[in-house]
Amino acid sequence: MSDEPTVSGPDLTAGIPIVQVPEGGMLAGHVSGKPVLLARSGGEWFAVGAVCSHYSGPLPEGILVGDTVRCPWHHGCFSLRTGQALRPPALNDLSCWRVEQRGDKVYVAGKAQKPERAASGRRGPDSVLIVGAGAAGDSAAETLRREGYEGSLTLYDPDPDAPYDRPNLSKDYLAGTASEDWIPLHPLEFYQERGISIVRDRRVMAVEPKARRIRLDDGQTREYGALILATGATPVRLPAEMERGSPPVLYLRTFADSKAIIAAAANAKCAVILGASFIGLEVAASLRARKLEVHVVAPDARPLARIMGTELGGFIQKLHEENGVVFHLQQKAREIAGGAVTLENGERLEPDFVVVGIGVRPNLELAERAGLTIDRGVLVDERLQTSAPGIYAAGDIARWPQPRTGEPIRVEHWVVAQRQGQAAARSILDLDQRFDAVPFFWSQHYDVPINYVGHAERWDSIEVDGSIEARDCAVRFKRGGRTLAVATIYRDRQSLEAELAMEQAMI
Ligand SMILES: Cc1cc2nc3c(=O)[nH]c(=O)nc-3n(C[C@H](O)[C@H](O)[C@H](O)COP(=O)(O)OP(=O)(O)OC[C@H]3O[C@@H](n4cnc5c(N)ncnc54)[C@H](O)[C@@H]3O)c2cc1C
């Protein structure tokens, strides 16, 4: 998705002494001007493209797990054997190269043949309909085709731009450092070539589980063999009277929302962000990059402390303050009118516009009306099956049994939604896929990325390894001596290792 990556390391066609890459080791090099990763795992040699197909992360700085490599930035995972993108957020496959061992040297020869796709004609229902072409819906559709499903496959979404890279909308795109062509997940031809039909500008209004049918907003109905609900979430809104006045009030969920904020920022001097959520703070950072004066108003004593703890929350606050953001904490907006935002303490701010980031609500209405079991989300089993046969749910709406603690949880993470989409697709094909991925999310504030693996709603202790202040740390959230989650700053390998240890129930 970025410009052509630069190459480093040796020319791998010239041969590398075997001793230079120990078992379990990786080496960054190049072949014909392309960055290539040479890896040695399980006594075998592998060579694949060295750059992650998600955000161009440096794979040689990731970790090897068997015959796979995981990206240090956002935990995408690729097969070393085939280059195949195995786990989101990896988007496309890597190139794969032939490796030859001659004497005490190893050489990377020409490109390997592209492996055959999964056996075609995989049995499954006659048709799969997917409601919502976001992270989960898109990933489910791609996976069905990757796994060889040949039946009819349609996604419905009222958003004319879907599917696209939603996390970017508050980060590089909003800051003006990523162009519009970064935002679609794939070009249109990608879907056409795979026989994936995306019906945009069309909302699903009802699901009729007994008739195995959906009803669209133009009154038409469509029957399904299997249905995936992936309707995502909607920003929590302010009371209507606050939205009506001036300055204008904006939200951020869609590509169009992000464009509207950019348009508002074009001739603006000052913005107020309501809510010190991840999205609110990412918007603050992006608007600072556009040189606006930015005020953040939030009821919290420390931003993000509920999720990250007070020390990390304090660090994030300071980071934003160093970058010129003014916080108004333990405050709420009392009124938005007459060109001003008036806080509960009477303070008046006069921004050109307001962005609201006070949380989201999962879009549960379709599932509720269809009579599916709901408990603060659509309840699903470990195969992402809802209470109605043939109906699956994935992404922000799904509450699933987390294997590590047995507690059902619902999260709002991009990678989790994509991985659930994958798992739901495989369940539909009876590939016996349990969803047991460890939750992962990332957030970016200026030049500081924060990676978070696991899930900790409550903890009794926080252990800091390294220094938060020095931006070099792994922060462990523990309960009863057990590590529930790990947040890292510039400790990417440690984040990957924590994810792996949690998968293997080692911590
Ligand atoms: C600005 C922003 C930044 C974010 N940054 C991060 C980040 O850095 N890291 C991270 O982990 N997460 C991030 N997230 C959260 C992440 O994007 C979500 O968790 C993820 O998109 C959820 O995927 P989903 O498929 O469940 O829902 P979505 O991606 O929201 O997709 C749901 C789709 O369903 C459609 N839909 C809804 N109702 C209907 C209907 N009745 N009929 C048909 N279609 C319907 C919607 O139009 C939408 O396109 C961010 C979110 C936002 C908004």
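Bear in mind the structure is a predicted one, so any value in this text is a computation, not a measurement.

Basis of the calculations
- Residues numbered from 1 in each chain as written.
- Predicted model: local features only at pLDDT ≥ 70, side-chain atom pairs only at ≥ 80, totals over all residues.
- Heavy atoms only, no water.
- 1 Å grid on protein atoms, 1.4 Å probe; cavity = no way out; pocket = protein on both sides within 12 Å on 5 of 7 lines; lining within 4 Å.
- Points joined across faces, edges and corners; volume = space filled by probe spheres on them.
- Helix = DSSP H or I, 4+ residues; strand = E, 2+ residues; numbered from the N terminus.
- Nonpolar A, V, L, I, M, F, W, Y, C, P; charged D, E, K, R; others polar.
- Domains from an automatic or database assignment.
- Near = heavy atom within 4 Å.
- Polar contact = N/O pair within 3.5 Å; in protein donor to acceptor, adjacent residues only side chain to side chain.
- Areas by Shrake-Rupley, 256 points an atom, 1.4 Å probe, with all protein chains shown as cover.
- Contact = heavy atoms within 4.5 Å.
- Pairing = 2+ DSSP bridges.
- Buried < 20%, exposed > 50% of the residue type's maximum accessible area, 1.4 Å probe, protein only.
- Lys, Arg positive; Asp, Glu negative; His and termini not counted.
- Salt bridge = Lys/Arg side-chain N within 4 Å of Asp/Glu carboxyl O.
- Core = buried A, V, L, I, M, F, W, Y, C linked by side-chain atoms within 4.5 Å.
- Expected span 1.5 Å × (residues − 1).
- Arc of directions from axis to C-beta.
- Axes fitted to C-alpha atoms, helices over the stretch in contact; angles between N-to-C directions.
- Parallel < 35°, antiparallel > 145°, perpendicular 65-115°, else oblique.
- Left-handed = near helix turned anticlockwise from the far one by under 90°.

**Quick look at empty space enclosed by the protein**
Item 1. Taken as a whole and assessed by the stated rule, the structure comprises 2 cavities of 30 Å³ or more.
Item 2. The volume enclosed by the largest cavity comes to roughly 150 Å³.
Item 3. Looking at the largest cavity, it is lined by 13 residues, and the ones nearest its centre are Pro 88, Ala 90, Ser 139, Glu 142 and Gln 422.
Item 4. Looking at the lining of the largest cavity, the elements that each hand over two or more residues are β8 (85-87), α1 (135-146) and α9 (414-428).
Item 5. Broken down by class, the residue content of the lining of the largest cavity amounts to 5 nonpolar, 4 polar and 4 charged.
Item 6. Residue-level mapping places the lining of the largest cavity at the junction of two domains, with at least three residues from each of domain 1 (12-111) and domain 2 (127-234 + 361-428).
Item 7. Forming the walls of the second largest cavity are Gln 402, Thr 405, Glu 407, His 455, Ala 456, Glu 457, Arg 458, Arg 479 and Leu 484.

**A few points about the site of the ligand**
Item 1. Residues in close proximity to the ligand total 30 residues, the closest being Ala 136, Asp 157, Lys 171, Arg 253 and Asp 396.
Item 2. Side-chain polar atom of Arg 253 to an oxygen atom of the ligand: 2.7 Å apart, as the coordinates give it.
Item 3. One of the side-chain N or O atoms of Asp 396 is found 2.8 Å from an oxygen atom in the ligand.
Item 4. Isolated, the ligand exposes 990 Å² of accessible area, and the fraction of that covered by the protein chains is 94%.
Item 5. Elements represented by at least two residues in the shell around the ligand include exactly α1, β12 (152-157), α9 and β32 (440-445).
Item 6. Here the shell around the ligand is built from residues that sort into 15 nonpolar, 7 polar and 8 charged.
Item 7. When residues of the shell around the ligand are assigned to domains, at least three map to each of domain 2 (127-234 + 361-428) and domain 3 (239-358).

**Here's the deal with the side chain of Glu 282**
Item 1. Topologically, Glu 282 is positioned in helix α6 (residues 278-289).
Item 2. At 3.0 Å, the side chain of Glu 282 forms a polar contact with the side chain of Lys 171.
Item 3. Of note is the side chain of Glu 282, whose polar atom sits 3.2 Å from the backbone nitrogen of Gln 444.
Item 4. The residues touching Glu 282, leaving out its near neighbours within four places in the chain, are Ser 170, Lys 171, Ser 443, Gln 444 and His 445.

**Focus: the domain arrangement of the protein**
Item 1. Domain assignment breaks the protein into domain 1 (12-111), domain 2 (127-234 + 361-428), domain 3 (239-358) and domain 4 (447-503).
Item 2. Computed over C-alpha atoms, the centres of domain 1 and domain 3 are 43 Å apart.

**Observations concerning the pairing of strand β23 (residues 333-337)**
Item 1. Pairing between β23 and strand β24 (residues 340-343): 4 bridges, direction antiparallel. Paired with Ala 337 across the strands is Ala 340, a residue of β24.
Item 2. Here β23 folds back onto β24 in antiparallel fashion, the turn holding 2 residues, of which Gly 338 has a positive phi close to 55°.

**Some thoughts on the side chain of Arg 145**
Item 1. Its location among the elements puts Arg 145 in helix α1.
Item 2. Despite its burial, Arg 145 pairs with no opposite charge; the closest candidate is Glu 150, at 7.6 Å N-O.
Item 3. A distance of 2.7 Å separates the side chain of Arg 145 from the backbone oxygen of Gly 195, its partner in a polar contact.
Item 4. Among all residues touching Arg 145, those that are not within four sequence positions of it are Glu 150, Gly 151, Leu 153, Arg 194, Gly 195 and Ile 196.

**Considerations on the nonpolar core**
Item 1. Counting 119 residues, the largest nonpolar core has Leu 229, Leu 287 and Phe 353 as the members making the most contacts within it.
Item 2. The element that contributes the greatest number of residues to this core is α9, accounting for 8 residues.
Item 3. Setting aside residues no more than four positions away along its own chain, Leu 229 makes contact with Val 131, Val 207, Leu 366, Ala 367, Leu 372, Ile 391, Tyr 392, Ala 393, Ala 394 and Ile 397.
Item 4. Counting residues in each nonpolar core, the second largest holds 16 residues, with Leu 37, Ala 39, Ala 85 and Cys 96 among its members.

**Section: helix α5 (residues 255-266)**
Item 1. Given a rise of 1.5 Å per residue, 12 residues ought to cover 16 Å, and the 17 Å separating the end C-alpha atoms of α5 matches this to within 8%.
Item 2. Of all the residues in α5, the buried ones are Phe 255, Ser 258, Ile 261, Ile 262 and Ala 265. The arc that holds the buried residues of α5, viewed along the axis, is 125°, so those residues lie on one side.
Item 3. In this structure, the buried side of α5 is in contact with α2 (172-175), β19 (249-251), α6 and β26 (353-356).

**Quick notes on the packing of α1 against α9**
Item 1. Where α1 contacts α9, the two axes come as close as 7 Å, and the packing angle between them is 40°. In terms of orientation, α1 lies oblique with respect to α9. In the crossing of α1 with α9, the sense of the turn from one axis to the other is right-handed. For the pair formed by α1 and α9, the contact residues are Ala 135, Ala 136, Ser 139, Ala 140, Thr 143 and Leu 144 on the first element and Trp 414, Ala 417, Gln 418, Gly 421, Gln 422, Ala 425, Arg 426 and Ile 428 on the second.

**Here we look at α6**
Item 1. With 12 residues, α6 should cover 16 Å at 1.5 Å per step; its first-to-last C-alpha distance of 17 Å lies within 8% of that length.
Item 2. Of all 12 residues making up α6, 9 are buried, and the element is well covered by its neighbours.
Item 3. Along α6, the residues classified as buried are Phe 278, Gly 280, Leu 281, Glu 282, Val 283, Ala 284, Ala 285, Ser 286 and Leu 287.

**Quick look at the sheet that holds strand β28 (residues 378-379)**
Two strands in a sheet stick together by hydrogen bonds in their backbones, pointing the same way (parallel) or opposite ways (antiparallel).
Item 1. Sheet architecture is open: 3 strands sit in the order β28-β30-β31, paired in mixed fashion. The sheet terminates laterally at β28 and β31 (408-409), the two strands that pair on one side only.
Item 2. Sheet analysis places strand β30 (residues 398-401) next to β31, joined by 2 bridges and oriented antiparallel. Across the sheet, Trp 400 pairs through a bridge with Ile 409, a residue of β31.

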